[in-house]
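Structural characterization, general
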Amino acid sequence: MPNGADSIAPCPAAASLNPPVFLSSLANAQAPKPVAVYPSKAELLACLPTELTKINPVKAWGSLAMSLGVSALAYGLGTMIPLQLSAAPLWLLYAVITGTVAGGCWVIAHECGHRAFHPNPRIEAVVGFLLHSLLLVPYFSWQRSHAVHHANCNHLEAGETHVPPRSDSSSGRFVDGARRQLGQRLYGVASLFTHLVLGWPLYLMFGVAGGEDYGSPTSHFTTAAPFRNGGRHLFPDSCRRLMVISNLGLLAMVAALVWASIQFSLARVLTVYGLPYLVINAWLVGYTWLQHTDTDIPHYSSRDWNWAKGALQTVDRPYGPVLNLLHHGIGSTHVCHHINPKIPHYNAWRASALLKKRFPDLVRYDSTPIHRALWRVATRCTVVSRRGIDGGFFYEPTSSN
């Protein structure tokens, strides 16, 4: 792994402990600090006591029970809504509420992927596999790619999610041309749609927004041609067996949906399951997009990247008490998650406080309301070019109309 990144285990891959720390943040773009201000990985980990990684079974199973219970109740209510055009507003409300509460199941499954849910890896793998299969996500394949993301955060070549195009690349010229042709506002709307609605399935199927090293396309479902043409393999041969198991989990879920369509009608399945599914995916992409993207957050090429510089190009945001409860604080404690992803969500608040106390000028936090931050990112974060004293690639400035 270049520049001292953690080695990444073959599937299943428990994400390696990938930490760093950085400036306070946002809205007003700030110049990056010199490389010397970044603490070492050991220093970062040392400020987070190992007791924070201790799993509390009551809290872990309690969080899962809450997310599953509220989700089951919401889905159950959906079976009672009439399949009539006049009920469209009710269906919209159902989709938003159910997709939002079910997003908590995604977060717990994500925690399983980091070995932060249960001390028994087999039990943990079963929980993660079942939850992700219910949400049509290939668990073990995702676990591997997510480990790659943690090991190469904000790395232009080896990064694995929300990797921006360079301004001088063919994709960068295409994206920048589209923004200029559509205008900033219309481009922002298009960007929100492609990210929040299409982004997750496009990522799983074709590796959209993945790093340059892995080639294009890649797929979470197969390593056959043409999905394996990069300089390095996102999914090595050791992943194939668990990739097949992941696919079998999805096939079982698809079969269950087909059976339900036969029993209750396709329209009922598309509304009860399909509508919240879109909202769950929108939350997932929205969270990760905002966690790693903004006008003052740099990405680095291999020449300048290191683990500490990359991991703290991550930002915590104010999602409020309700969303933090339902989604287990995933958007408001993400900096500490990249320092040590084995810290369970119920210990992440204390970990975040300790990080901020120890490195007050390095831990990013942006108080911008989420809807405004999302619009800023959608309209102003298009392509990157090298700028700054430490070799960072920043999003090129655009008008803020």
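Residues numbered from 1 in each chain as written. Predicted model: local features only at pLDDT ≥ 70, side-chain atom pairs only at ≥ 80, totals over all residues. Heavy atoms only, no water.

A separate point is the overall build of the chain. Counting secondary structure elements, the chain contains 14 helices and 4 strands. Compactness check: the chain gives a C-alpha radius of gyration of 21 Å against a globular reference of 21 Å for 401 residues, within 12% of the reference. Seen along its three principal axes, the alpha-carbon backbone of the chain occupies a region of about 60 × 55 × 45 Å. At a minimum sequence separation of 6, the contacts of the chain that also span at least 24 residues come to 74%. By element, 67% of the accessible surface of the chain is carried by carbon and sulfur atoms, the whole surface being about 17,000 Å². Taking the 31 positively charged and 20 negatively charged side chains of the chain as two groups, their mean positions are separated by 4 Å. (Helix = DSSP H or I, 4+ residues; strand = E, 2+ residues; numbered from the N terminus. Rg over C-alpha atoms; globule rule 2.2 N^0.38 Å. Contact = heavy atoms within 4.5 Å. Areas by Shrake-Rupley, 256 points an atom, 1.4 Å probe, with all protein chains shown as cover. Lys, Arg positive; Asp, Glu negative; His and termini not counted. Charge placed at Lys NZ, Arg CZ, Asp CG, Glu CD.)

A volume near 380 Å³ is recorded for the second largest pocket. In terms of lining, the second largest pocket is formed by 18 residues, of which the most central are Tyr75, Leu134, Met253, Val272 and Tyr273. Counting residues per element, the ones that place at least two in the lining of the second largest pocket are α2 (57-78), α3 (88-113), α4 (121-134), α8 (240-264) and α9 (266-292). Along the lines of polarity and charge, the residues of the lining of the second largest pocket split into 15 nonpolar, 2 polar and 1 charged. (1 Å grid on protein atoms, 1.4 Å probe; cavity = no way out; pocket = protein on both sides within 12 Å on 5 of 7 lines; lining within 4 Å. Points joined across faces, edges and corners; volume = space filled by probe spheres on them. Nonpolar A, V, L, I, M, F, W, Y, C, P; charged D, E, K, R; others polar.)

Below, the discussion takes up helix α5 (residues 139-151). Taking 1.5 Å of rise per residue, 13 residues should cover 18 Å, and α5 covers 18 Å from first to last C-alpha, within 8% of that figure. The buried fraction of α5 amounts to 13 of the 13 residues, a majority that puts the element mostly inside the structure. (Expected span 1.5 Å × (residues − 1). Buried < 20%, exposed > 50% of the residue type's maximum accessible area, 1.4 Å probe, protein only.)

This part is about empty space enclosed by the protein. Applying the stated rule across the entire model yields 3 cavities of 30 Å³ or more. Estimates place the volume of the largest cavity at around 140 Å³. Lining the largest cavity are 15 residues, with His110, Glu111, Ile330, His337 and His345 sitting closest to its centre. For the lining of the largest cavity, the secondary structure elements donating two or more residues are α3, α12 (334-339) and α13 (345-358). Among the elements that line the lining of the largest cavity, the one with the most residues is α3, at 3 residues. Its residues assigned to classes, the lining of the largest cavity comprises 7 nonpolar, 7 polar and 1 charged. Roughly 70 Å³ of internal volume is contained in the second largest cavity. Along its surface, the second largest cavity is lined by Tyr214, Thr218, Ser219, Thr223, Phe227, Arg228, Asn229, Gly230, Arg232, His233, Leu234 and Phe235.

With the rule as written, the count across this model stands at 0 disulfides. You can see Cys112 has no disulfide; the closest cysteine sulfur is in Cys105, sitting 11 Å from it. Assessed through its relative accessible area of 1%, Cys112 is described here as buried. Looking at the unpaired Cys153, the closest cysteine sulfur is the one in Cys336, lying at 13 Å. For Cys153, a relative accessible area of 1% gives the class buried. (Disulfide = S-S within 2.5 Å.)

Within the fold, Ala74 resides in helix α2. We classify Ala74 as buried; its relative accessible area is 10%. Put simply, Ala74 and Ala95 are 21 residues apart on the chain and 9.3 Å apart in space, counted from C-alpha to C-alpha. Ignoring any residue separated from it by four or fewer positions in sequence, one finds Ala74 in contact with Tyr94, Thr98 and Val101.

So, about a nonpolar patch on the surface. Residues Phe193, Val197, Leu198 and Leu278 make up a contiguous nonpolar surface patch of roughly 320 Å² in combined accessible area. Position of Phe193 among the secondary structure elements: in helix α7 (residues 184-206). Overall, the relative accessible area of 45% leaves Phe193 in the partly exposed class. (Patch = residues over 30% accessible without salt bridge, like charges linked within 9 Å, V, L, I, M, F, W, Y side chains within 5 Å. Salt bridge = Lys/Arg side-chain N within 4 Å of Asp/Glu carboxyl O.)

The next subject is the environment of Ala308. Tracing the sequence through the fold places Ala308 in helix α10 (residues 307-311). Using a relative accessible area of 9% as the deciding quantity, one classes Ala308 as buried. Taking the C-alpha atoms as reference, Ala308 lies 29 Å from Thr398; in sequence the two are 90 residues apart.

The next subject is the packing of α4 against α8. Pairs of packed helices are described in terms of their axes, by the angle between the two and the distance that separates them. Relative orientation of the contacting elements α4 and α8 amounts to 50°, with a least axis distance of 9 Å. With respect to their mutual orientation, α4 and α8 come out oblique. The crossing of α4 and α8 is right-handed. In this structure, α4 contributes Phe129, Ser133 and Leu134 to the contact, and α8 contributes Ile245, Ser246, Gly249, Leu250 and Met253. (Axes fitted to C-alpha atoms, helices over the stretch in contact; angles between N-to-C directions. Parallel < 35°, antiparallel > 145°, perpendicular 65-115°, else oblique. Left-handed = near helix turned anticlockwise from the far one by under 90°.)

A few words on unusual backbone geometry. Across the junction of Ser216 and Pro217, the peptide omega takes the value 0°, indicating a cis bond. Turning to its location among the elements, Pro217 is positioned in the loop between α7 and α8. In this model, His162 sits at a positive phi of 55°, which is unusual for a non-glycine residue. Relative to the elements of secondary structure, His162 occurs in the loop between α5 and α6 (170-182). One non-glycine residue with positive phi stands out, namely Ala209, at about 75°.

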